[in-house]
Amino acid sequence: MRVLEEHDSMVGYTVFSQAVLLAAGIGLSGLAVRTYRSEKKPVGRAFSALLVLLGATAFCLGITGGTGVPNKLIWLFTNLSIPVALLAFSFNYYGITLLGSRVRAAAALTPAVLGFAGGTLLILGTPSKSPGPEAPLDAVAALPAGVFDAATVFDRIGLYYTAGVVVFAVGLVAVNVLRYEHLDTRLAALIAFIGAWPWLGNFLFPEITPVYGDLAGVSVLSLGYASSALVSGLVVGPLGLFASSPAAGNVGPEHALDSMADCVVITDDHEQVLRLNAVACNTFDVSEEQVVGRSLSAVVGRSPEAVDEAGTTELETVEGVRQFEITRSPVADGNDFQRGTVFVMRDVTQRQTREQRLEVLNRVLRHNLRNNATSIIGRAQLISDGQKTEAAAEQIIETTQNLVGVAESARDIENMMATTRPAETVAVSPIVEEVVSTLSSEAEVTTALPAEATAAVSARPLTLVLSELVENAVEHNDADEPYAVVSADRTEDGALQIAVSDNGPGIPDHERAVLDAGEEDQLQHGSGLGLWAVHWGITQMGGRLAISENDPRGTTVTVTIPTKKQESVTAQSDEFEATA
């Protein structure tokens, strides 16, 4: 009689535990639906997935009552799936995008999938894992022994992997909650409890039941799921799991780095690249995978020692040669020990060119306008006095034409600097032929350009640069038989080199300074804008200029310009409006 009473009591407890599991499953599933509908953010969706998984497994375990092959399979699925769901939630809560790509997600799921496949084979094909004395499926049991050896390995891999995942996920949530003082510190323990306790109960179930019986195992499971349901309600409700978004504190710096307009490169204490933002990748046409672990020169073509912090540094970019202001800041830890360096590179080409243009135009206005105006006034006074009227009038006309020429040059420069980089390349040969055809000099000008020569630049700056160079080569040529040659060739890296050679007297040093470096001597400078137009035009095209002496006399000016198609960029259109 007593045995029957104990049996009835155990049955009653078992039924009660099953009822608790069913109720917990319904409660968790209902809370998951409510959370999914109210929280549209990724962290809300991830938490909903965790809750629905907990609810579904609790409901299924409540039906099976902790016995039979289905219970074994549910146990296996729960052990392997809950840790992955908890990991996905912790990543969303922390703001980590490790599972953002399909490859990474597949890599994270593979050990769990292998564990489920191996564990399923063991449950269905071996008596040791099945609930009865014999294997449930003879067809599976008949598989070769090597299959079960591999299944055992996979099963252990899955269980050990998910155990580590639980510890990692719980720690990640705890670190995130404790990092921000405005968050309720109880959240860390409660969130960990929601996922970890049911998993732990399932994990210990095979160890509990042989010693204490199925009732003890089901009781532990029911307690774990019921507690998780209650705690989930507290976390979502009064404790305000979604009232704050701590992930922004972790994602924010990453996005701030990529949203900066400047190039940013972070190196370690051995000057090896650790991180660079999207602007740096686009500017120097590299990817993080290509340069991480390599030196700074792999990104910008210069070592840290070659970086000029006092002035500007010339760097090769996808848009050609650009001028950068580079600052470096040490990265120190809490003990002021330097761990690395942050390099911030700001493209100041537009600003530098604008300052040069303002300075040069100011000088031209002060110098040319004042001198020419003085000359016009003097000649006008001669005409007024009746002296040398015809000669004075001619000089006034000539001086006025010079002023108009300067104004037209300034207009051409502004129009040139307002152009954008074209999406397609332009043919160079027609531009050169047009430039040569407009010359009024008697000097012989020959061209040697391949018909297929093209450049990824706008036609306007290229035309202006070549016009100034060819015109300068023939107009100032004092040779008995003056000539100029315009030729083109490709460099080893595919850029186009256009050379203008002559047999003239050469370019004065103060004018070469303008072409070489965009500088003028304060005491000795040119009176026009032609050479500056060349300098700014080459800067606009992202090109380079080189000057060499010919033997026995003359000069060759070589312009190197890019030929690869790049995205269009507006050059200083916000600085000046092009005049018609």
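Rules behind the numbers
Residues numbered from 1 in each chain as written. Predicted model: local features only at pLDDT ≥ 70, side-chain atom pairs only at ≥ 80, totals over all residues. Heavy atoms only, no water. Pairing = 2+ DSSP bridges. Helix = DSSP H or I, 4+ residues; strand = E, 2+ residues; numbered from the N terminus. Salt bridge = Lys/Arg side-chain N within 4 Å of Asp/Glu carboxyl O. Buried < 20%, exposed > 50% of the residue type's maximum accessible area, 1.4 Å probe, protein only. Axes fitted to C-alpha atoms, helices over the stretch in contact; angles between N-to-C directions. Contact = heavy atoms within 4.5 Å. Expected span 1.5 Å × (residues − 1). Bend = angle between axes of the 7 residues up to and from the residue. pLDDT = per-residue confidence, 0-100. Core = buried A, V, L, I, M, F, W, Y, C linked by side-chain atoms within 4.5 Å.

Peer 1: Can you tell me about the pairing of strand S4 (residues 320–332), naming the residues and giving the values?
Peer 2: Where strand S3 (residues 313–317) lies against S4, 5 bridges are found, and the strand directions are antiparallel. Considered in S4, the bridge of Thr313 is made with Phe324. The loop that links S3 with its antiparallel partner S4 comprises 2 residues. Sheet topology note: the S4/strand S5 (residues 338–347) ladder contains 9 bridges and is antiparallel. Paired with Ala332 across the two strands is Gln338, which belongs to S5.

Peer 1: Can you explain the pattern of salt bridges? Please cite residues and give values.
Peer 2: Taken as a whole, this structure holds 8 salt bridges when the rule is applied. In this structure, Arg544 and Glu314 form a salt bridge, with 2.8 Å as the shortest nitrogen-oxygen distance. With Arg544 in strand S11 (residues 544–549) and Glu314 in strand S3, this pair connects stretches of sequence that are 230 residues apart. Residue Arg544 is classed as partly exposed on the basis of its relative accessible area of 37%. Overall, Glu314 belongs to the partly exposed group, its relative accessible area being 32%. Taking the shortest distance from any N to any O, the salt bridge between Arg351 and Glu355 comes out at 3.8 Å. Taken together, the residues span about one helical turn, with Arg351 and Glu355 both in helix H13 (residues 349–384) at a distance of 4 residues. Linked through salt bridges whose partners overlap, the residues forming this network are Glu314, Glu316 and Arg544.

Peer 1: Can you break down the sheet that holds strand S2 (residues 273–276) residue by residue, with the values?
Peer 2: Strands sit in the order S2-S1-S5-S4-S3 across an open sheet of 5 strands; the sheet is antiparallel. Each end of this open sheet is capped by a strand with a single partner; those strands are S2 and S3. Here the strands of the sheet are splayed against their neighbours by 35° on average, with no regard to which way each runs. Contacts from H13 reach S4 and S5 within the one sheet, and its direction differs from that of S4 by about 120°.

Peer 1: Please set out the pairing of S11 residue by residue, giving values where relevant.
Peer 2: Judged from the 6 bridges that link them, S11 and strand S12 (residues 555–561) form a sheet pairing that is antiparallel. Paired with Ala546 across the bridge in S12 is Thr558. Counting the residues between successive antiparallel strands, the hairpin from S11 to S12 contains 5 residues, one of them, Gly554, with a positive phi of roughly 110°.

Peer 1: Any details on helix H4 (residues 102–125)? Residues and values, ideally.
Peer 2: With 24 residues, H4 ought to run about 34 Å at 1.5 Å a step, and its terminal C-alpha atoms sit 33 Å apart, in line with that. When the local axis directions of H4 are compared, the greatest deviation, roughly 40°, occurs at Leu109, which is followed within four positions by the proline Pro111.

Peer 1: Which residues make up the environment of Val342, and what are the values?
Peer 2: On the secondary structure map, Val342 appears in strand S5. For the pair Val342 and Leu276, spaced 66 residues apart in sequence, the C-alpha to C-alpha distance is 9.4 Å. Ignoring anything within four residues of it in the chain, the contact list for Val342 reads Val264, Val265, Ile266, Thr327, Arg328, Ser329 and Val331.

Peer 1: Pulling in residues and values, what's your account of the confidence of the model for the protein?
Peer 2: A residue-level look at the protein finds 82% of positions with pLDDT of 70 or above and a mean pLDDT of 78. In the model, residues 1–8 has pLDDT below 50 throughout and makes 0 contacts with residues more than four positions away in sequence or in other chains. Below pLDDT 50 for its whole length, residues 566–580 participates in 42 contacts with residues either more than four positions away or in separate chains.

Peer 1: Can you lay out the nonpolar core for me, pointing to particular residues and giving the numbers?
Peer 2: Counting 40 residues, the largest nonpolar core has Phe47, Phe89, Tyr225 and Leu241 as its most contacted members. For this core, the secondary-structure elements that each account for two or more residues are helix H1 (2–38), helix H2 (42–64), helix H3 (68–94), helix H6 (145–179), helix H7 (186–212) and helix H8 (214–236). Residues contacting Phe89, with those up to four places away along its chain left out, are Val43, Ala46, Phe47, Val173, Ile191 and Leu241. Val445, Val470, Ile507 and Ile538 belong to the second largest nonpolar core, which has 34 residues in total.

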